[in-house]
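Chain residues, written in single-letter form:
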Amino acid sequence: MRVVFTLNGRVVEVDVEPNEVLLDTLRLRLGIKSVKRGCERGECGACTVLVSNVPVVSCLLLTVQINGSNIVTVEGLQSDDLFMELASEFSKSFAVQCGYCSPAMALTSYAFIKKALENSLKPSREDIAKAIEGNLCRCGTYPRVLMAIEKVLERRTQVR
Ligand code: FES
Ligand code: FES
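Since the structure is predicted, the reported quantities are computational estimates derived from the model, not experimental observations. (Residues numbered from 1 in each chain as written. Chains lettered and ligands numbered in written order. Predicted model: local features only at pLDDT ≥ 70, side-chain atom pairs only at ≥ 80, totals over all residues. Heavy atoms only, no water.)

**Q** Quick question: what am I supposed to make of the overall build of the protein here?
**A** When helices and strands are counted, the protein shows five helices and five strands. Element order for the protein, N to C, with α for helix and β for strand: β-β-α-β-β-β-α-α-α-α. Taking 160 residues into account, the globule formula puts the C-alpha radius of gyration at 15 Å, and the protein, at 16 Å, falls close to it. Counting only C-alpha atoms and orienting by the principal axes, one finds that the protein spans roughly 50 × 35 × 25 Å. Taking all 160 residues of the protein together, 44% fall into the buried category. Looking at the protein alone, contacts between residues at least 24 apart form 59% of all its contacts between residues at least 6 apart. (Helix = DSSP H or I, 4+ residues; strand = E, 2+ residues; numbered from the N terminus. Rg over C-alpha atoms; globule rule 2.2 N^0.38 Å. Buried < 20%, exposed > 50% of the residue type's maximum accessible area, 1.4 Å probe, protein only. Contact = heavy atoms within 4.5 Å.)

**Q** Looking at this model, I keep getting lost on the pattern of salt bridges. Mind explaining?
**A** When charged atoms on two side chains of opposite charge get close, those side chains can pair. Under the counting rule described, the total for this entry stands at 11 salt bridges. The closest approach of N and O atoms between Arg-155 and Glu-89, which form a salt bridge, is 2.5 Å. Here Arg-155 is found in helix H5 (residues 142-159), whereas its partner Glu-89 is found in helix H2 (residues 81-92), with 66 residues between them in sequence. When its relative accessible area of 2% is taken as the criterion, Glu-89 is described as buried. The partner of Lys-130 in a salt bridge is Glu-133, with the nearest N and O atoms 3.5 Å apart. In terms of burial, Lys-130 and Glu-133 fall into one category: exposed. Within this structure, Glu-85, Glu-89, Arg-155 and Arg-156 form a network of salt bridges that share partners. (Salt bridge = Lys/Arg side-chain N within 4 Å of Asp/Glu carboxyl O.)

**Q** I'm lost on the layout of surface pockets in this one. Help?
**A** Over the atoms, a rolling probe the size of a water molecule traces out where space has been left empty. As a volume, the largest pocket reaches approximately 220 Å³. Lining the largest pocket, in full, are Asn-53, Val-54, Pro-55, Thr-108, Ala-111, Phe-112, Lys-115, Ala-116, Leu-121, Pro-123 and Ala-131. Here the lining of the largest pocket takes five residues from helix H3 (residues 102-118), the largest share from any one element. Of the voids in this model, the second largest pocket is the one considered here, and its volume is about 150 Å³. In terms of lining, the second largest pocket is formed by Gly-38, Cys-44, Ala-46, Cys-98, Tyr-100, Cys-101, Leu-136, Cys-137, Arg-138 and Cys-139. Looking at the lining of the second largest pocket, its residues break down into eight nonpolar, one polar and one charged. (1 Å grid on protein atoms, 1.4 Å probe; cavity = no way out; pocket = protein on both sides within 12 Å on 5 of 7 lines; lining within 4 Å. Points joined across faces, edges and corners; volume = space filled by probe spheres on them. Nonpolar A, V, L, I, M, F, W, Y, C, P; charged D, E, K, R; others polar.)

**Q** Where do I start with the environment of Cys-59 in this structure?
**A** Tracing the chain through its elements places Cys-59 in the loop between strand S4 (54-57) and strand S5 (70-72). A residue is classified by how much of its surface remains accessible, and Cys-59, at 7% relative accessible area, is buried.

Take a look at the structure:
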């Protein structure tokens, strides 16, 4: 089946099996390796991508379902100021250990920060923890991720 969607700002067209999941299309057909294969049943969050800035697990999403959608992975955010600031904060806060969960964790965090800034929200630490709860980290970086998100939010709120 032919599917057309936007991937990291570029229109792509692929021929896929009706039962093919987006995780496989991205990794195997389109070479997007930041999207990780973990549990393959929607529990670990390692395969998260952004669909119109909403984090979605790509292992449970059929590629045919995303026809016409706007998909973003970390490969598409390398020139995005907010994302790069967050990536730098992840690094400074040691929020990346083995790195397996990190692209997905960063995408989820980015989407959360962006939404908070756009809507002038002041999320609590509990709100932030809830936002990232779908991303499991076997290295236990959660407190560092929370710290990184808080720092970016604090800085961005002061700047405005
Ligand atoms: S691989 Fe998709 S949620 Fe675990
Ligand atoms: S940094 Fe290793 S799984 Fe999260």
